[in-house]
Structure formats: C-alpha cells, structure tokens
Amino acid sequence: MTIRQLLETIKKNDPKADLSLVSKAYDFAEKAHRGQKRSTGDDYIQHCLHTAKTLSELNLPLPIIIAGLLHDVPEDTEKTLEDVKKHFGTDVAKMVEGITKLSRIKYRGIDRYVENLRKMFVAMAQDIRVILIKFADRLHNLQTLYAQPANKQKRTAMETLEIYAPIANRLGIGELQARLEDAAFKYAYPDEFINIEQLIKKNFPIKKKNLNNMIRKAKTKLDKQGIKYYDIYGRTKHYYSFYRKFLKFNKDVTQIYDLVALRIVVDSVADCYAVMGIIHNTWPPIKGRIKDYIAQPKPNGYQSLHTAVFGDDQEIVEIQIRTQKMHEQAELGVASHWLYKESPKAGKKEVDWMLELADWLKEIKDNSKFLEGAKIDVFQNRIFVFTPRGDVIDLPEGATPIDFAFHIHTEIGNKCAQVMINNQISSLDKKLNNGDVVQIVTDKNRKGPNPEWLKFVKTRTARSHIEVYKNKSWKKFIPKFSNKK
Ligand code: MN
C-alpha cells in the first residue's frame, strides 16, 4: 500500500481536506521506521499505512488518522513522544501516548485478560479515539497473523474475540466489530471456520441470484410509490456472526435466513415504515420475525426495522430498513459523532457508554460491589481505579485510598492501615489517578478510623463513617468520666 492510496481514501470522504499534515506524518513515520521489517517481510511502514487507512475508511477526523500513522513511533523507533509532540502538537501526541500505554501488557493467563480489559477501560475513559486507533492497529495485526507462530495466533485471536470485539459492539461500531471478528475467527476456531466458509460458499450463489431479482423488484415498487431511497443492496452475513447464529440454532442452517440480506436505506423514519408496508405487500412476511428497533433501539443505540419474508422462489430473506443516519450509527457507532462534528466529549451519551461498559465489566467479573449504587453525575469528574482483581471502582476526582477503602466496605475503611498503589507503598492521603490499582492493607486490631482522615477524604461515604465513629468514641469517652464520680 502507498501513501497515495491513503490520501485518496481521505479525499473521497472529504475533498477539501488539507492533506499536508498527513503527508508530513507519513514522511516522519517512514523515516523513523526505515529499515524495520514486519514478520511478513514487509516494511514496517506498511503496518502504519494500513492502520491509518482503516481509520480513514471510518471517515474519522485527520488528527486520528495522523495518530494512526505515528502510533508505533515512540514504542519501536528512536523518535520519542516529545518529537511527535514537537511536530504534530499535543493532541496527536496524547493519542499516540495512549496507544503506547495500551500496548504494554505484561501478564499472562487470566491476569493478562484482566489487565487488558483494565487498560482498555482506562484508555476509553481518557480518550475514546485511542480505542479506535487500537482497533485499526489490531485489525492489521490480525490480517498479518499468518506470519506469527501458532501460539501467538491463537492468543491474539482469542483476545480479539473476547475483549476487542465486545467493546466495539458496545460502542456500536458494527463495521469494525465484524472485521475484527472475521479476521480472528479462523485462528481462534480453525475447524469451525472451514465449515462455515464451505457452508457460505455453497449457499451463497443461489441466494445471491434471487436477491438481485428482489432488489430490482423493490426498486421498481419504491419508485412507483415515490419513495426516495439512498441505497438498496444485498449483503452477505459476516462469517463470525453467521457462526454465532449457527450455534444458536443448534447448527440447523435452514433456520438462518440472513445468510444474505437485503438492506434498504431511506430518507426518513416515516419512509422506513412505508417501505416495510410495501415489502410485506410484495412478499409475505414470516410470523414473529418483525422487529422494530426504531421504536425500541438496542442498548448500543442500534436502530432499524427488521423483517423476514418469503421471497421469490420461496427463499427466505431477511430485510433491514433504516434511515441514513441510523445506518451511519450502526456502522460507525461512537465514531459517527464526528461525522456530525459533535464533540467527542459530548456528555450524556458518553456517560451512557461508560456506564454500559461498566455494566458489562460487572457481568464479566460478577462482582456485586462494582459500581454499587454509583450515580455518575458528571463523568469528567470521575476517576476509575481498580482492585487487585481487576474490578473497576469509580470515585470522584481527588479521591484518596481511604475513600477507596470505604467504598469497598465499611470494615475495610475502619481497619485500613496501609495502602499499595500500583504495587508500591503509598500514603493514605495520596490522590488516586485514573487506572491505579489500589490494594488496602488492613489491621484487624485497629479500633477504628483516624479522625485526621476527615482532613482529606473526598466522598460522603468515607466522611460519614469516620464521623460516626468519632462521635461514638467521644460519647463512650464522656460516660467513663461521669461514671468515675
Ligand atoms: Mn501497531
């Protein structure tokens, strides 16, 4: 791949884009990585170009694409983060720094899994753009995974299916999720992949022919009714999502209608429902297969009308109807916000994603203490820290280990004697940072919390527990004196 191909992709989305900084970033990265090879034998810069290309295909703003080109520079070359900052500014440098931090995973096994999740979560809390670059980076690593040893292939593939793809799903980036899953599938489950591939290849040509006839028919009908459509097209199901359905329907392939599906993109919500009427008039719908995700969106924001009909030749075909905005949301999820020049730190929506992710981590960790009763008012003022087991605890900015301890459990707070932050002994009044791993050391002989802690605790929970204890011990103290009389 060449820089020219990258520039062309960007131009296609935005003819007026100023490409000089992209070219400059390419030159910078190319020079820095010069002489380095990928395990495939390609020049290293190919990896940077492919990463940037994926980001440009998502129609993301230039700084993200530039950071994509530069993402491995500080980690793998003599150029430093400072150099990146000097030439490309703080914003790009910050993203590159985020990626660099994310790529250092030192554990194995379950610890690796937890650390991975933790890092993704923290990166996301700081800058959601870093995650998008990481997805693009991972996609190219998967595409070149054939050149890696078998154990690394399996590990990278499983990590993708268990961590990256679900996060992409939660962020609503259907397009990237599908690409990551399909690229990982054949290394994660090689035998199953071959089966599915054969199944699809066998069934696809017949279905496709029917589908093309249906597309023609649908277009004529819509034209007749004067309904404007942006696009009507057939799509093949992605391998991995087909595999998931295959398992869901106990490997009965006749149950899976949407091996190919028809997608209709129209102008307005009213048109969506009108089109559904026309479709059902043309081909009989199958009972129980109509789903209105417009009135009831999926948790990640996905909207569309779904139906399945007996098409021509009695072939069952799934049909999805949506507006263009819904389509962009479905393919790009969080990334679609930039299309509308909304701020990436837009507020409520981001908070919702974070809460959803938090929920999701909760499912994974199955820990009832996690985010217990947490009402995150303003996300910007929260930090996310971790227990040694990887559970996420959210606290207000400026919170200390004492706040953390009381958040976990009153007794942990009461008996708190010492704290380890990121495996180092620290003082109890130290302000916690996003991503810290906090371990409280308790002393069971300790009578109760130190009233001095009131000087620095941030949360109401910690404050009230310390005050209750202080008052109790003070009252105990008084009767002792009076009893002496
Ligand atoms: Mn990389």
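Every chain begins its residue count from 1, and numbering advances along the sequence as written. Only residues with pLDDT of at least 70 are given local features in this predicted model, and only at 80 or more are side-chain atom pairs given and counted; all residues enter the totals for whole chains, interfaces and linings. By convention in this description, side-chain values take in all heavy atoms of the structure and omit both hydrogens and water.

### Structural notes on the overall build of the protein
In step 1: Per the secondary structure count, the protein includes 19 helices and 10 strands.
In step 2: Here's how the labels work: a residue is buried when its accessible area is under 20% of the maximum for its type, exposed when over 50%, partly exposed in between, all with a 1.4 Å probe on protein chains only. Looking at the protein residue by residue over its 485 residues, the buried ones come to 49%.
In step 3: We call two residues in contact whenever any of their non-hydrogen atoms come within 4.5 Å of each other. If you take every contact in the protein between residues at least 6 apart in sequence, the share linking residues at least 24 apart comes to 64%.
In step 4: Element-wise, carbon and sulfur atoms account for 50% of the exposed surface of the protein, whose accessible area totals about 24,600 Å². For helices the rule is a DSSP run of H or I covering at least 4 residues; for strands it is a run of E covering at least 2, with both sets numbered from the N terminus onward. Accessibility throughout is a Shrake-Rupley quantity obtained with a 1.4 Å probe, and a residue counts as covered only by protein chains that appear here.

### Observations concerning the sheet that holds strand S5 (residues 316–323)
In step 1: The sheet built from 5 strands is open, its strands ordered S1-S2-S5-S4-S3 with mixed pairing. Each edge of the open sheet is held by one strand with a lone partner, namely strand S1 (229–236) and strand S3 (291–292).
In step 2: As paired elements, strand S2 (residues 260–266) and S5 share 6 bridges and run parallel to each other. Across the sheet, Val265 pairs through a bridge with Arg322, a residue of S5. Note on pairing: two strands pair once DSSP finds at least 2 bridges between them.

### So, helix H4 (residues 62–70)
In step 1: By the criterion of burial, H4 is predominantly enclosed, with 7 of the 9 residues buried.
In step 2: Looking at H4, one finds that the buried residues are Ile64, Ile65, Ile66, Ala67, Gly68, Leu69 and Leu70.
In step 3: Tucked into the core, H4 has its buried residues touching helix H1 (3–13), helix H2 (20–33), helix H3 (45–57), helix H5 (73–76), helix H6 (81–103) and helix H8 (128–143).

### Notes on the coordination of the manganese ion
In step 1: Note that water is not among the atoms used; donors are N, O and S atoms within 2.8 Å of the metal (3.2 Å for Na, K and Ca), so sites may look incomplete. Listed as protein donors to the manganese ion are His47 (NE2), His71 (NE2), Asp72 (OD) and Asp137 (OD); their distances from the metal cover 2.1 to 2.3 Å.
In step 2: Every donor residue of the manganese ion comes from the same chain, spaced as H-x23-H-D-x64-D.
In step 3: Note on His71: relative accessible area 1%, which makes it buried.

### As for the packing of aromatic side chains
Two aromatic rings are characterised by how far apart their centres lie and by the angle between their planes.
In step 1: Pairing of aromatic side chains here covers Phe, Tyr and the six-membered ring of Trp, requires ring centres within 6.5 Å, and sorts the geometry by plane angle: under 30 degrees stacked, over 60 edge-to-face, intermediate tilted. For the structure shown, the criterion picks out 10 aromatic pairs.
In step 2: On the basis of an interplanar angle of 80° and a centroid distance of 5.3 Å, the ring pair of Phe185 and Phe193 is categorised as edge-to-face. The pair formed by Phe185 and Phe193 is uniform in burial state, with each residue classed as buried.
In step 3: Judged by centre distance (6.3 Å) and plane angle (20°), the rings of Phe242 and Phe246 are stacked.

### Overview of H1
In step 1: Taken residue by residue, H1 has Ile3, Leu6, Leu7, Thr9 and Ile10 as its buried positions. Each buried residue of H1 sits inside an arc of 155° when the element is viewed along its axis, so together they form one side. Residues of H1 that are exposed and point more than 90 degrees away from the buried face comprise Arg4 and Lys12.
In step 2: Residues of H1 that are buried make contact with H2, H3 and H4. Picture the helix axis, draw a direction to every C-beta atom, and the arc is the one those directions span.

### Regarding the sheet that holds strand S10 (residues 438–442)
In step 1: Reading across from one edge, S9-S8-S10 is the order of the 3 strands in this open sheet, with antiparallel pairing throughout. What marks the edges here is a single partner per strand, and that holds for strand S9 (424–426) and S10. The mean inter-strand angle of the sheet, taken between neighbouring strand axes irrespective of direction, is 35°.
In step 2: Note: strand S8 (residues 416–421) against S10, 5 bridges, orientation antiparallel. Each residue of the ladder has a partner; that of Ile421, found in S10, is Val438. To obtain each axis, a line is fitted to C-alpha atoms, and for helices this fit is confined to the stretch in contact; angles are then taken between N-to-C directions over 0 to 180 degrees.

### Looking at the side chain of Thr323
In step 1: Residue placement: Thr323 occurs in strand S5.
In step 2: Within polar-contact distance, the side chain of Thr323 engages the backbone nitrogen of Met326 at 3.2 Å.
In step 3: Those residues in contact with Thr323 that sit more than four places away from it in its chain are Val265, Val266, Asp267, Ser268, Val269 and Cys272. Residues adjacent in sequence count toward polar contacts only when both atoms are side-chain atoms; beyond that, a polar contact is any pair of N or O atoms within 3.5 Å, and within protein one must be able to donate a hydrogen and the other to accept it.

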